[in-house]
Amino acid sequence: MPNTSLKNLLAPWYQLEQDVVISGLKLDNRHIQAGDVFVAVQGHALDARRFISDAIAAGAVAVIADDGDTNAQFSLEMHSNVPVIAFPHLKSTLSEISARYFQQPSQAMTVIGVTGTNGKTTISQLVAQWIDLLGGKAAVMGTTGNGFLSSLEPAPNTTGSAVDIQEQLARFYIEDASHVAMEVSSHGLVQDRVKAVAFDAAIFTNLSRDHLDYHGTMEAYADAKLRLFTHYGTPVSVINADDGVGADWLKSMPEAIAVSMSPEGVAFHQGRKLWLTHVDYATSGVSIVFDSLWGQGHFTAPLVGEFNVMNLLLSLATLLGLGYDKAALMASASQLQAVIGRMEVFHHPDKPMMVVDYAHTPDALEKALHALRRHCESKLWCVFGCGGDRDTGKRPMMAEIAERLADNAIVTDDNPRSESPQIIVGDMLKGMANPESAIVLHDRAEACRYAYEHASKDDVILVAGKGHEDYQVLASGTVHYSDRETVQALLEGEV
């Protein structure tokens, strides 16, 4: 990573008289190495300015300290011969500082941002796969990790810190990435963590209830997502016209590409558009026929479920908008693969089909159950839970959906965190018409085993909520647990 001058780094904001060569930006004083700048931000739970002395002792050669959002004055103090710069509005400027330090990596690659409640991971990885199939080299950033698809490294958040994002983009550039498909969370947008990312395309998947513990209202949540399309001058915007919020946005976005599961869904849009004309569903995947500004097309892909059809169409529209050849996209679609933990099918002969999905919101659970009903010849099972220390309002909603759409619903634990699992389940059961008949098994592996042992070979079992995760967060700490491992072991007769 680059060495640079602190004076040059801060030149657009503050004229520093003395200078020092710096070799890194660090938000955590525990990670400071000699030559680093410590960026001390006032966070929601922790004020990192408390650790300035520790950072200097560890070798920091300068400190950029958050001076809040009310004071417009810069100031400089020396601590042990180390410059400590009080920087107003630091959080909203940090993305630009980081991009400047890492030499604007997003400007050297094609960056595709994906936002929405559900589908971000699937779409970002489908886009990356398709680009790879057509000769590019695409990296991804998001929930399941950062990196190239063959070697993802775990990521603690969907959208990392402003410094982490720019550093990761710089690494991708050094590793010859031509494209980056990035999940962009509402938190990341509101907190300006992607402010200096040069997005070449932006995709809106859908909006449903989630993160209200942070945003407060659905209107505020929608406004956060909208920022990706209004604050970045993105050349290509792709919007799900079947989502009510997306349809509303399209009224004031004539330049956007509208995507729908029907011709009626995009009839109102006068700009570029793409729509489904026919689809066939099979256990092996989907066969899609579409029409668009780019003409008609037909392709097959080994993904299941109606919402994956929309995910494919949004991915396709984005790549067409970026100038990819339609015929090449059609020819390579059959080589696309399902994303780990996203409607991932596990099926052995003469055993029930088991599907692991990350659905952990009411809308996602409803869509997953509707999608699997199309593939189900007999009974549909749903194993699901709700997270602790999160939005409690969605708990009865998800239980109501599971009871209504599945033939058999099993309530279990899903990262209870510091909350009592019994209280979480109690909140969920309030949404059921017949809570007394609900099957409750707190042990998640036991819940999966119950469904497997009581299902017939023609049944479908959805295990919802954790997807790719390989842990369970309990009050006592985090323990290893994977739905994918549990399901594979059950079908292979290992448990």
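Source: prediction; values computed, not measured.

Sorry, what's going on with the overall build of the protein here?
Within the protein, the secondary structure is distributed over 16 helices and 25 strands. A globule of 495 residues ought to have a C-alpha radius of gyration of about 23 Å, and the protein, at 24 Å, matches this closely. With the C-alpha coordinates aligned to their principal axes, the bounding extent of the protein is approximately 75 × 55 × 40 Å. The buried share among the 495 residues of the protein stands at 55%. Considering only residue pairs separated by 6 or more positions, the protein has 64% of its internal contacts joining residues 24 or more positions apart. Total accessible area on the protein stands at roughly 20100 Å², and carbon and sulfur atoms take up 48% of it.

Sorry if this is basic, but what is going on with the nonpolar core here?
A general feature of soluble globular proteins is that nonpolar side chains tend to end up buried together. If you look at the biggest cluster of nonpolar residues, it comprises 40 residues, and the most contacted ones within it are Val259, Ile288, Phe299, Leu313 and Leu316. The element that contributes the greatest number of residues to this core is helix H10 (residues 306-321), accounting for nine residues. Setting aside chain neighbours within four positions, we find Phe299 in contact with Trp130, Val286, Ser287, Ile288, Phe290, Leu312, Leu316, Met330 and Ala333.

Where do I start with the side chain of Glu419 in this structure?
Mapped onto the fold, Glu419 is located in the loop between strand E21 (408-411) and helix H14 (421-429). Within polar-contact distance, the side chain of Glu419 engages the side chain of Arg395 at 2.6 Å. With residues up to four places along the chain from it excluded, the contact list for Glu419 reads Gly388, Asp389, Arg390, Arg395 and Ile424.

Which parts of the structure should I look at to understand the domain arrangement of the protein?
Interface size is commonly expressed as the accessible surface area that is lost when the partners come together. When the domains of the protein are assigned, the result is domain 1 (4-88), domain 2 (105-335) and domain 3 (344-492). For domain 2 and domain 3, the distance between their C-alpha centres works out to 27 Å. In this assembly, 17 residues from domain 2 lie in contact with 18 residues from domain 3. Both sides together, the interface formed by domain 2 and domain 3 hides about 1600 Å², and carbon and sulfur atoms give 62% of it. Here domain 2 and domain 3 share one salt bridge between them.

Just checking my understanding: could you explain the packing of aromatic side chains for this structure?
Here the distance between the centres and the angle between the planes together describe a pair of aromatic rings. Per the stated rule, a full pass over the model turns up 10 aromatic pairs. Centroid distance Phe74 to Phe87: 4.7 Å. Interplanar angle 80 degrees. Geometry classified as edge-to-face. Taken together, the residues span a long stretch of sequence, with Phe74 in the loop between strand E5 (62-66) and strand E6 (75-79) and Phe87 in strand E7 (residues 82-87) at a distance of 13 residues. Among the residues examined, Phe74 registers a relative accessible area of 25% and is labelled partly exposed. A centroid spacing of 5.8 Å and a plane angle of 65 degrees characterise the contact between Phe148 and Phe172, whose relative ring orientation is edge-to-face. With Phe148 in strand E10 (residues 145-148) and Phe172 in helix H5 (residues 162-174), this residue pair connects regions lying 24 residues apart in the sequence. The lysine or arginine in question, Lys137, covers the ring of Phe148, its NZ or CZ lying 4.8 Å from the ring centre.

Explain helix H15 (residues 444-454) to me, please; I cannot follow it from the model alone.
The α-helix winds at 3.6 residues per turn, so residues separated by three or four positions along the chain end up facing the same way. Within H15 the residues assigned to the buried category are Arg444, Ala447, Cys448, Ala451 and Tyr452. Burial along H15 is one-sided: seen end-on, the buried residues are contained in an arc of 135 degrees. Along its buried surface, H15 packs onto strand E19 (353-357), strand E20 (380-384), E21, strand E23 (460-464), strand E24 (471-474) and helix H16 (483-491). Its side-chain oxygen 3.0 Å from the backbone nitrogen of Ala445, Asp443 forms the N-cap of H15.

What's the story with the packing of helix H4 (residues 120-133) against H10 in this structure? I'm lost.
The description of two helices packed together rests on the angle between their axes and the distance between the axes. Remark: H4 packs on H10, axes separated minimally by 9 Å, with the N-to-C direction vectors making an angle of 50 degrees. Relative to H10, the element H4 lies oblique. The hand of the H4/H10 crossing is right-handed. Between H4 and H10, the residues in contact are Thr122, Ile123, Leu126, Val127, Trp130 and Ile131 and Asn308, Asn311, Leu312, Leu314, Ser315, Leu316 and Leu319, respectively. Partitioning the contact of H4 with H10 into residue classes produces nine nonpolar, four polar and no charged.

Help me understand the pattern of salt bridges, please; the structure alone is not making it clear to me.
Two side chains that carry opposite charge are able to pair once their charged atoms sit near each other. Tallied over the entire structure, the rule returns 22 salt bridges. Linking Lys91 and Asp66 is a salt bridge whose minimum nitrogen-to-oxygen distance equals 3.1 Å. Within this pair, whereas Lys91 is found in helix H3 (residues 90-101), its partner Asp66 is found in strand E5, the two being separated by 25 residues in sequence.

Would you mind going over the environment of Cys386 with me for this structure?
Locating Cys386 in the fold gives a position in the loop between E20 and helix H13 (394-405). Residue Cys386 is classed as buried on the basis of its relative accessible area of 4%. Note: C-alpha distance between Cys386 and Val411 (25 residues apart in sequence) is 8.9 Å. Setting aside its immediate chain neighbours within four residues, Cys386 contacts Arg395, Met398, Thr412, Asp414, Ile424 and Met428.

Hey, could you run me through the sheet that holds E23 in this one?
Pairing between sheet strands relies on hydrogen bonds along the backbone, with the strands arranged either parallel or antiparallel. Reading across the sheet, the six strands line up as E18-E19-E23-E20-E21-E22 and stay open at both edges, with mixed pairing between neighbours. The strands lining the two open edges of the sheet, one partner per strand, are strand E18 (344-346) and strand E22 (439-440). Direction of pairing for E20 relative to E23: parallel, over a ladder of four bridges. What sits directly across from Trp381, in E23, is Ile461.

It is not clear to me how the UniProt feature "binding site: UDP-N-acetyl-alpha-D-muramoyl-L-alanyl-D-glutamate" (unreviewed entry) in the protein should be interpreted in this structure. Could you clarify?
Summarizing the sequence annotation, UniProt attributes the feature "binding site: UDP-N-acetyl-alpha-D-muramoyl-L-alanyl-D-glutamate" (unreviewed entry) to Leu27, Asn157, Thr158, Thr159, Ser185, Gln191 and Arg193 in the numbering used throughout. Mapped onto the secondary structure, Thr158 falls in the loop between E10 and H5. Given a relative accessible area of 25%, Thr158 falls into the partly exposed group. Sequence-distant contacts of Thr158, that is, excluding residues within four places in its chain, are made with Lys120, Gly142, Thr143, Glu183 and Ser185. For Ser185, the position within the fold is in the loop between strand E11 (179-183) and helix H6 (186-190). If we skip the residues at most four places from it in the chain, Ser185 touches Thr158, Thr159 and Lys225.

How each quantity is defined
- Counting restarts for each chain: residues are numbered from 1 in the order of the written sequence.
- Local features in this predicted model are restricted to residues whose pLDDT is 70 or higher, and side-chain atom pairs enter the listing and the counts only when it is 80 or higher, whereas totals over whole chains, interfaces and linings include all residues.
- Side-chain numbers come from the whole structure's heavy atoms, not from hydrogens or water.
- Put simply, DSSP H or I for four residues or longer makes a helix, DSSP E for two residues or longer makes a strand, and each gets a number counted from the N terminus.
- Based on C-alpha atoms, the radius of gyration is set beside the globule rule, defined as 2.2 Å times the residue count to the power 0.38.
- Think of it in three bands: residues with accessible area under 20% of the maximum for their type are buried, residues over 50% are exposed, and the middle band is partly exposed, with areas taken using a 1.4 Å probe on protein chains only.
- Note on contacts: a residue pair is in contact if any heavy atoms of the two residues lie within 4.5 Å.
- Using a 1.4 Å probe, accessible areas were evaluated by the Shrake-Rupley method; residue-level cover was limited to the displayed protein chains.
- In plain words, nonpolar cores are sets of buried Ala, Val, Leu, Ile, Met, Phe, Trp, Tyr and Cys residues tied together by side-chain atoms within 4.5 Å.
- Identification of polar contacts relies on pairs of N or O atoms within 3.5 Å, with a donor-acceptor requirement for protein atoms, meaning one able to donate a hydrogen and the other able to accept it, and with residues adjacent in sequence counted only if both atoms are side-chain atoms.
- Bear in mind that the domain bounds are from an automatic or database domain assignment.
- We define buried area as the total accessible area lost by two parts upon association, computed with a 1.4 Å probe and summed across both.
- For salt bridges, the criterion is a side-chain nitrogen of Lys or Arg within 4 Å of an Asp or Glu carboxyl oxygen.
- We call Phe, Tyr and Trp rings a pair once their centres come within 6.5 Å, taking the six-membered ring for Trp, and we label the pair stacked below 30 degrees between planes, edge-to-face above 60, and tilted otherwise.
- The rule for a charge over a ring is simple: NZ of Lys or CZ of Arg within 6 Å of the ring centre, and within 35 degrees of the ring normal.
- Directions pointing from the helix axis toward each C-beta atom define the arc.
- Think of each axis as a best-fit line through the C-alpha atoms, taken over the contacting stretch in the case of a helix, with angles from 0 to 180 degrees between the N-to-C directions.
- The labels follow the angle: roughly parallel below 35 degrees, roughly antiparallel above 145, roughly perpendicular from 65 to 115, and oblique for the rest.
- Helix crossings are classified by the rotation of the near helix relative to the far one: an anticlockwise turn of less than a right angle makes the crossing left-handed, while a clockwise turn makes it right-handed.
- When residues are grouped by polarity, Ala, Val, Leu, Ile, Met, Phe, Trp, Tyr, Cys and Pro land in nonpolar, Asp, Glu, Lys and Arg in charged, and all others, Gly among them, in polar.
- At least two DSSP bridges between two strands are required for those strands to pair.
- UniProt positions are given in the numbering used here, feature names are shortened, and annotations may be inferred rather than shown by experiment.

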